[in-house]
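# Chain and residue survey
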Amino acid sequence: MIHMAEILSQKQIDDLLANLESKKVDINEIGNKKKVKEYDFMSPKQFSRGQLKLLETVFDDFVKMFSNQLTGMFRTACRMEVLQVEEEKYRDFNNALSDSVLVAIIGMHNEKSELEGKQILMELSRQVSFAFIDRMLGGNGGGFKIDRDYTDIELSLLDYLFKQMMPFLKSAWSDYMKIDYTLDAIATNSRLLQFIQPDESVAIVVVEITLDELKGNMNICLPASSLEDIFRVFNSKYIKPPKKENPDTEQQRKVDIMSRVKSSSLTVAAILGQAEISLKELYSLQVGDVILLNTFEDKNAIVLNVEGVPWFTGVIGTKREKYAVMIEKSI
């Protein structure tokens with residue numbers, strides 16, 4: 001989606017020039033506002049920046065090796081480039097797919113059986129897949145403008161093509177963990193891809209494929225549940241645990257933090273009671289009317305709120321000719 005910049009009216013342009021001339025606006029501040037990235041605390045991120053960077057490094061090696069394989073297979077230049085690696089919910093990825101797609105379901109395995117049952121998805125755009133088929137059948141790759149389902153022969157060719165990827169995936173991960181890959185199935189209907197929970201976080205690796213003048217994408221979907229074991233092994237091997245601080249240093253740090261926090265200002269409110277009335281009753285109130293509060297047991301007992309949160313109960317009284325509250329107990 002392309003967002004067009006807002007077009008200023010002539011009046012807005014005149015006002016801007018007038019403000020600049022009167023020095024009410026600093027031209028150096030225009031366009032230098034700090035950009036803030038929104039974060040949804042209801043849906044916390046599952047992947048750290050370092051983990052996404054690791055995936056980008058691994059799949060960058062994978063596409064380099066596999067593009068060389070395709071160049072030799074098709075006898076024409078085939079370039080592949082990782083455009084981005086981002087995190088999103090699986091339902092967003094699945095909803096973005098059309099009903100008729102080409103998705104390879106790839107299984108992950110290793111010697112310790114830690115990855116058994118773990119799978120990733122690899123979605124190949126329709127135009128690129130038909131161009132590959134055309135090349136594999138001796139064509140020039142131009143027969144990609146096809147709007148129909150795949151035949152059994154075409155799916156067999158694509159099955160062979162996806163299986164060519166498996167050794168390169170294994171090689172790309174070999175520096176970090178030994179993983180064997182198998183092609184479990186090829187799906188052509190996105191509505192059948194329901195083995196991943198809709199709310200599960202997934203890492204999406206977007207790969208751009210260029211074959212002669214044709215450009216298309218390959219999207220690799222890696223569920224968090226399939227990567228947790230890989231990241232755990234990677235962290236144990238390559239990430240050093242944080243050094244334990246000296247107990248005296250740690251205690252002094254806590255004292256310093258508390259000394260700064262103690263100077264913070266807090267609002268304390270004594271709540272005598274509460275009442276609800278309708279707007280009609282509020283509109284009809286006159287001088288001398290009485291509003292009943294929800295305090296029944298002890299008319300002198302009140303609640304003390306600290307920053308809007310109930311903390312204490314107390315009794316109201318006077319001290320030095322001013323109203324005061326004596327705290328009786330903590331809530």
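Here's a quick rundown of the structure. Per chain, residue numbering runs from 1 following the sequence as it is written. pLDDT decides what is reported in this predicted model: residues at 70 or higher carry local features, side-chain atom pairs at 80 or more are listed and counted, and totals for whole chains, interfaces and linings draw on all residues regardless. For side-chain calculations, the full set of non-hydrogen atoms in the structure is used, while hydrogens and water are omitted.

### Side note on the overall build of the chain
Note the threshold: For helices the rule is a DSSP run of H or I covering at least 4 residues; for strands it is a run of E covering at least 2, with both sets numbered from the N terminus onward. Per-residue accessibility, obtained with a 1.4 Å probe over protein chains only, is compared with the maximum for each type, and a residue is labelled buried under 20%, exposed over 50%, and partly exposed between these values. What makes two residues a contact is simply this: any of their non-hydrogen atoms within 4.5 Å. For the area figures, the Shrake-Rupley method with a 1.4 Å probe applies, and any residue is considered shielded solely by the protein chains shown.
Each helix and strand in the chain was counted, giving 8 helices and 10 strands. Here the chain, with 331 residues, has 32% of them falling under the buried criterion. By sequence separation, contacts in the chain at least 24 residues apart represent 63% of the contacts at least 6 residues apart. For the chain, the exposed area adds up to about 23,400 Å²; of that, 53% sits on carbon and sulfur atoms.

### Re the environment of Cys 221
Take Cys 221: it is sitting in strand S6 (residues 214–223). When its relative accessible area of 0% is taken as the criterion, Cys 221 is described as buried. For Cys 221 and Asn 94, which are 127 residues apart along the polypeptide, the C-alpha to C-alpha distance reads 9.9 Å.

### Let's talk about the pairing of S6
Filter applied, for reference: Paired strands are those between which DSSP finds at least two bridges.
Burial of S6 is extensive: 8 of the 10 residues sit out of reach of the surface. Judged from the 4 bridges that link them, strand S3 (residues 118–124) and S6 form a sheet pairing that is antiparallel. Bridge pairing in S6 places Glu 123 opposite Asn 219. Alignment of strand S5 (residues 201–211) against S6, held across 10 bridges, turns out to be antiparallel. By the bridge assignment, Val 207 is partnered in S6 with Met 218. Between S5 and S6, which pair antiparallel in sequence order, lie 2 residues; one of them, Asp 212, sits at a positive phi of approximately 55°.

### Some words on the environment of Phe 168
Topologically, Phe 168 is positioned in helix H5 (residues 152–173). By relative accessible area, which is 18% here, Phe 168 ends up buried. Here the alpha-carbon distance between Phe 168 and Phe 59, two residues 109 residues apart in the chain, equals 9.7 Å. Residue contacts for Phe 168: discarding those within four places in its chain leaves Phe 62, Met 65, Phe 66 and Gln 69.

### Looking at the environment of Glu 250
Put simply, the rule is: Between N or O atoms, a polar contact is any pair within 3.5 Å; within protein, one atom must be a potential hydrogen donor and the other a potential acceptor, and residues adjacent in sequence are included only when both atoms are from side chains.
In this structure, Glu 250 sits in helix H7 (residues 247–261). Taking the relative accessible area as the measure of exposure, Glu 250 reaches 22% and is therefore partly exposed. Side-chain polar atoms of Glu 250 contact the side chain of Arg 253, separated by 2.7 Å.

### A closer look at the pattern of salt bridges
Two side chains with opposite charge may pair up if their charged atoms get near one another. As a reminder of what qualifies: For this document, the term salt bridge refers to a Lys or Arg side-chain nitrogen within 4 Å of an Asp or Glu carboxyl oxygen.
Counted according to the given criterion, the structure contains 7 salt bridges. We note a salt bridge from Asp 199 to Arg 91, for which the minimum N-O separation is 2.1 Å. Residue Asp 199 is located in the loop between strand S4 (180–189) and S5, and its partner Arg 91 is located in helix H3 (residues 90–96); the two are separated by 108 residues in the primary sequence. Taking the relative accessible area as the measure of exposure, Asp 199 reaches 54% and is therefore exposed. By relative accessible area, which is 33% here, Arg 91 ends up partly exposed. A salt bridge links Glu 250 to Arg 253, with the nearest nitrogen and oxygen atoms 2.7 Å apart.

### So, the sheet that holds S5
Our working rule: Helix axes are fitted to C-alpha atoms over the stretch in contact, other axes to C-alpha atoms as well, and angles between N-to-C directions run from 0 to 180 degrees.
What the 6 strands build is an open sheet, ordered S1-S5-S6-S3-S2-S4; its pairing is antiparallel. In this open sheet, the two strands that pair with only one neighbour each are strand S1 (78–89) and S4. Taken pair by pair, the neighbouring strands of this sheet meet at an average axis angle of 20°, ignoring direction. Relative to S3, strand S2 (residues 100–109) is paired through 6 bridges, and the arrangement is antiparallel. Bridge pairing in S3 links Ile 106 to Ile 120. Each of S2, S3, S4 and S6 is contacted by H5, which is oriented at about 145° to S4, the strand it contacts most.

### Topic: the nonpolar core
Heads up, the condition is: To qualify as a nonpolar core, a set must consist of buried Ala, Val, Leu, Ile, Met, Phe, Trp, Tyr and Cys residues joined through side-chain atoms within 4.5 Å.
In this structure, Phe 59, Phe 62 and Met 218 are the most contacted members of the largest nonpolar core, which totals 58 residues. One finds Val 103, Ile 105, Leu 193 and Cys 221 within the second-largest nonpolar core, a separate group that totals 14 residues.

### Side note on helix H2 (residues 49–74)
Rules: One less than the residue count of a helix, multiplied by 1.5 Å, gives the span that helix is expected to have.
A rise of 1.5 Å per residue sets the reference length of H2, with its 26 residues, at 38 Å; its end C-alpha atoms lie 36 Å apart and thus fit the reference within 8%. Looking only at H2, the buried set comprises Gln 51, Leu 52, Leu 54, Leu 55, Val 58, Phe 59, Phe 62, Val 63, Phe 66, Ser 67, Leu 70 and Phe 74. Following H2 by one or two positions, Arg 75 adopts a phi angle in the positive range, close to 60°.

### With respect to the packing of helix H4 (residues 126–136) against H5
Operational definition: Roughly parallel covers angles under 35 degrees, roughly antiparallel covers those over 145, roughly perpendicular covers 65 to 115, and oblique covers all other angles.
One way to put it is that H4 packs onto H5 with a least axis distance of 10 Å and a crossing angle of 95°. In terms of orientation, H4 and H5 fall into the roughly perpendicular class. On the side of H4, the interface is formed by Ser 129, Phe 130, Phe 132, Ile 133 and Met 136, while H5 contributes Glu 154, Leu 157, Leu 158, Tyr 160 and Leu 161.

### Examining the sheet that holds strand S7 (residues 268–271)
Reading across the sheet, the 4 strands line up as S7-S8-S9-S10 and stay open at both edges, with antiparallel pairing between neighbours. In this open sheet, the two strands that pair with only one neighbour each are S7 and strand S10 (322–330). For this sheet the average axis-to-axis angle between neighbouring strands, irrespective of direction, equals 40°.

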